[in-house]
Amino acid sequence: RVETRRVQADRQGAVVVLNGRDLAGPAMDWDVDPTLTIKNLSLSEADATLASGARQMAIYALVAIVSVAVLIGLFVLALVHTRIRGLTLATRRLAAGDLGYQLRVRGSDEIAVLASSFNTMSAELLDAREESTAWARTLEERVEQKTAELRSAHEQMMQAEKMASLGKMAAV
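Residues numbered from 1 in each chain as written. Predicted model: local features only at pLDDT ≥ 70, side-chain atom pairs only at ≥ 80, totals over all residues. Heavy atoms only, no water.

1. Remarks on the overall build of the chain
The helix and strand inventory of the chain stands at two helices and four strands. Along its sequence from the N terminus, the chain presents helices and strands in the succession β-β-β-β-α-α. Evaluated residue by residue, the chain yields a buried proportion of 12% over its 172 residues. Carbon and sulfur atoms make up 62% of the accessible area of the chain, which totals about 13900 Å². (Helix = DSSP H or I, 4+ residues; strand = E, 2+ residues; numbered from the N terminus. Buried < 20%, exposed > 50% of the residue type's maximum accessible area, 1.4 Å probe, protein only. Areas by Shrake-Rupley, 256 points an atom, 1.4 Å probe, with all protein chains shown as cover.)

Below, the structure written as structure tokens:
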């Protein structure tokens, strides 16, 4: 695109007047070269440079956005996904019967609190199983003891009956 602009420059070549407007302001006293007037100034090269810079800036911005997104993804993967995956594996082990399984607790965030709660639950389940097993053993021992007592009492009764039968037979 070509635009016609009226430009005046001082003796060093600096533009001081553009389309009749004083670029430095009215307080400045410029030594303007009246013989230098540019009527047709092509802006196509400047437009091309600006467009190229804008494209380059857009590419840099896109690369920066993608890089930040990848870094955030890696951050989430490292801090959240890996720890949640560990909790998931731990719950599977607990469900499979490994009641004493404990997680390593790192930090003090919500996931660490959840891991600590898991460890507490796992320990309490193990204690409950051990207590239940101990009660079962105690009950088995008591049943065996009572069964032995009943057998002994039964044998004594059988012995007494035999003696009573012998006594009846001897009396006749």
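2. Details of the layout of surface pockets
One number sums up the size of the largest pocket: a volume of about 200 Å³. As for the largest pocket, its lining consists of T82, R83, G86, L87, L103, R104, V105, R106, I111, A112 and A115. If one sorts the elements of the lining of the largest pocket by residue count, helix α1 (residues 44-95) sits on top with four residues. Tallied by class, the residues present in the lining of the largest pocket amount to six nonpolar, two polar and three charged. (1 Å grid on protein atoms, 1.4 Å probe; cavity = no way out; pocket = protein on both sides within 12 Å on 5 of 7 lines; lining within 4 Å. Points joined across faces, edges and corners; volume = space filled by probe spheres on them. Nonpolar A, V, L, I, M, F, W, Y, C, P; charged D, E, K, R; others polar.)

3. Section: the nonpolar core
The nonpolar side chains of soluble globular proteins are, as a tendency, buried together. Ranked by size, the top nonpolar core spans eight residues in total: L87, A90, L94, L99, L103, I111, A115 and F118. Listed by contribution, the elements that provide at least two residues to this core are α1 and α2 (110-171). Once residues within four sequence positions are removed from consideration, A90 is found in contact with Y101, L103 and F118. (Core = buried A, V, L, I, M, F, W, Y, C linked by side-chain atoms within 4.5 Å. Contact = heavy atoms within 4.5 Å.)

4. What to know about a nonpolar patch on the surface
Among the surface-exposed residues, V68, I72, F75, V76, L79, V80 and I84 lie close enough to one another that they form a single nonpolar patch of about 580 Å² accessible area. Positionally, F75 belongs in helix α1. Judged by its relative accessible area of 52%, F75 is exposed. (Patch = residues over 30% accessible without salt bridge, like charges linked within 9 Å, V, L, I, M, F, W, Y side chains within 5 Å. Salt bridge = Lys/Arg side-chain N within 4 Å of Asp/Glu carboxyl O.)

5. Observations concerning the side chain of S122
Following the sequence through the fold, S122 ends up in helix α2. With a relative accessible area of 0%, S122 lands in the buried category.

Read these as geometric descriptors, not functional statements.
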